[in-house]
Amino acid sequence: MKELLLLVPVLLLCSCGSKESKNNNSNAELGDSTVPIKIDVSVTDTELLTSDLYEIDSIVALETIETSLIGDIDKLEIYDGRIFVLDKYAANKLAIFSSHGSYIGNIGRQGGGPGEYDQIRDFCIDRENSRIIILDNHYNLLFFDSEGNYLERHKLVAPANSIEVISNGVVALFTDLQSSSYPFGDYKLKIYNYKDQEVISTKFLADQEQIVPYSDENFSKLNSALLLNYSTTDTIYSVSAEEVKPKYVINYEGDLKRPTDFFENLPPKSKRSQFIKESGYAGPPKGFMQTDKHISFQYSIKGFRYQTVFDKAANKVLHSNTSITNDYFYGSGKGPLTIIAVTESQFILLVEPQYVKMFREQNKSKNKETDYHPILKPILEGINGDENSMLLFVKMK
């Protein structure tokens with residue numbers, strides 16, 4: 001197996017700034033430096049194979065033993081030669097694996113004592129201070145050193161569902177929900193200095209109309225560049241301790257463009273997703289991630305998910321497709337692999353053994369052989385479907 005190149009991780013998306021007035025505009029405050037990402041029907045009608053898009057660097061199988069079991073991967077970061085995997089719901093834990101997938105241990109545990117939590121909402125890593133920070137469902141920040149030793153707990157004065165590091169001792173906190181009973185609860189984004197334990201700035205009023213209901217996929221980071229996207233806007237914001245400003249804006253054109261009175265005619269939140277699906281308008285971008293050369297995100301049209309890749313140097317969309325066939329092992333007509341995280345130069349795709357097994361058995365029932373990519377065949381042929389997920393590190397061709 002090729003040696004795994006551990007570079008800077010990317011995940012979740014972030015934003016900060018000073019207090020501002022209400023804004024129900026979907027693409028507000030756009031400046032000359034904002035990069036438009038244009039999407040129209042002409043880039044959404046091409047059928048592609050996964051092998052057309054990516055070149056495989058390596059695959060990492062996360063070790064499967066009783067203490068290492070995880071259900072879903074909700075967030076992944078790479079730090080100090082280790083892979084940190086958050087499973088918020090099925091296992092409710094933050095697990096650590098080596099760069100080759102060997103299980104090392106967990107950060108904290110469920111409980112009510114020091115270094116324990118009821119439910120994990122999110123986590124981040126402050127590399128400058130060698131701190132691993134867990135955000136729990138009671139708005140506590142739990143601090144651990146790089147070896148996983150518990151250090152201290154901070155009780156937040158502002159609600160948050162997502163967290164990411166901005167700079168030395170400063171983090172971004174985000175929630176799509178309004179909590180007026182809390183200080184700063186009227187704002188979605190709070191910039192928090194955890195060393196001084198104070199909110200230093202806020203942005204985005206929480207009573208803005210949302211295109212779709214609450215999302216917790218907000219932050220993305222590449223090196224020191226932190227980005228935020230959320231369900232009220234098609235704009236992706238650059239975040240620093242000093243300011244928040246638009247960095248990218250998704251421009252849906254032609255039949256995909258929403259009418260100017262779109263926000264004035266939104267139905268109640270409980271019916272909003274169905275309204276978007278039936279209207280034919282594109283939903284807001286989700287899962288926004290970037291490498292040094294490319295940006296990946298998703299949006300939906302009429303219930304179909306479109307995986308989009310933007311070339312930063314060429315300043316153009318390479319593809320925006322719902323018809324991406326995974327030919328690495330699924331065979332014809334199956335869906336694309338999910339991009340779960342990035343490094344500086346790679347996308348990390350999620351390979352779930354239970355689905356590999358399912359499609360292998362489907363092919364067997366039809367007297368068909370399952371074709372595997374040559375690099376993946378030695379690992380995938382022998383799996384039984386009960387293993388932990390596998391991570392596929394790829395580069396765009």
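(A) Local environment of the packing of aromatic side chains. A complete count under the given rule lists twelve aromatic pairs for this structure. Judged by centre distance (6.4 Å) and plane angle (80°), the rings of F174 and F219 are edge-to-face. Within this pair, whereas F174 is found in strand β15 (residues 170-174), its partner F219 is found in strand β18 (residues 219-222), the two being separated by 45 residues in sequence. For the pair F174 and F219, one class covers both residues: buried. Here a set of aromatic residues connected by ring pairs shows up, and it is made of Y248, Y252, F288, F297, Y299 and Y306. Of note, K75 hangs over the ring of F123, and the distance from its end group to the ring centre comes to 5.0 Å. Positioned above the aromatic ring of Y248, the side-chain terminus of K247 is 5.7 Å from the ring centre.

(B) Looking closely at the side chain of T50. Structurally, the position occupied by T50 is in helix α1 (residues 50-53). Discounting residues that sit within four places of it in the chain, T50 has contacts with I324, T325, N326, D327 and Y328.

(C) Up close: the sheet that holds strand β13 (residues 150-155). Spatial ordering of the open sheet is given by β10-β11-β12-β13, a layout of four strands whose pairing is antiparallel. In this open sheet, the two edge strands, each paired with only one partner strand, are β10 (120-126) and β13. Averaged over all pairs of adjacent strands, the angle between their axes in this sheet comes to 20°, without regard to strand direction. Sheet topology note: the strand β11 (residues 131-136)/strand β12 (residues 140-145) ladder contains five bridges and is antiparallel. When the sheet's bridge partners are listed, I132 is paired in β12 with F144.

(D) Up close: the confidence of the model for the protein chain. Taken as a whole, the protein chain shows an average pLDDT of 84; of its residues, 87% reach a score of 70 or greater. Within the protein chain, the lowest mean pLDDT, 80, falls on helix α2 (residues 269-279), and the highest, 98, falls on strand β6 (residues 93-98). Here residues 1-28 scores under 50 on pLDDT; set against residues more than four positions off or in separate chains, the count is 127 contacts.

(E) Structural detail: the nonpolar core. Judged by nonpolar contacts, the single largest core of 25 residues is most densely connected at Y54, Y328, F329, L376, L380 and L392. Among the elements of the structure, β3 (54-61), β27 (338-342), β28 (347-351) and β29 (390-396) are those that each provide at least two residues to this core. When residues in this core are grouped by element, the largest group, four residues, is from β29. In this structure, F329 is in contact with L337, V351, V356, T370, D371, Y372, L376 and L380, ignoring residues within four places of it in sequence.

Thresholds, definitions, all that
- All residue numbers here refer to positions counted from 1 along the written sequence of the relevant chain.
- Local features in this predicted model are restricted to residues of pLDDT 70 or higher, and side-chain atom pairs are both shown and tallied only at a pLDDT of 80 or more, whereas totals for entire chains, interfaces and linings draw on every residue.
- Heavy atoms throughout the structure, all of them, feed into the side-chain values; hydrogens and water do not.
- Between the rings of Phe, Tyr and Trp (Trp by its six-membered ring), a pair exists once the centres lie within 6.5 Å; its type follows the angle of the planes, with under 30 degrees stacked, over 60 edge-to-face, and the other angles tilted.
- Runs of H or I in DSSP of at least four residues are treated as helices and runs of E of at least two as strands, each being numbered from the N terminus.
- Summary of the burial criterion: residues with accessible area below 20% of their type's maximum are buried, those above 50% are exposed, and those between are partly exposed, where the area comes from a 1.4 Å probe applied to protein chains only.
- Remark: a charge is flagged as sitting over a ring if the NZ atom of Lys or the CZ atom of Arg is within 6 Å of the ring centre and within 35 degrees of the ring normal.
- Two residues qualify as a contact provided that any one of their heavy atoms is within 4.5 Å of a heavy atom in the partner residue.
- The pairing criterion for strands is at least two bridges between them, as found by DSSP.
- Think of each axis as a best-fit line through the C-alpha atoms, taken over the contacting stretch in the case of a helix, with angles from 0 to 180 degrees between the N-to-C directions.
- A residue's pLDDT is simply how confident the predictor is in it, with values from 0 to 100.
- Side-chain atoms within 4.5 Å link the members of a nonpolar core, which is a set of buried Ala, Val, Leu, Ile, Met, Phe, Trp, Tyr and Cys residues.

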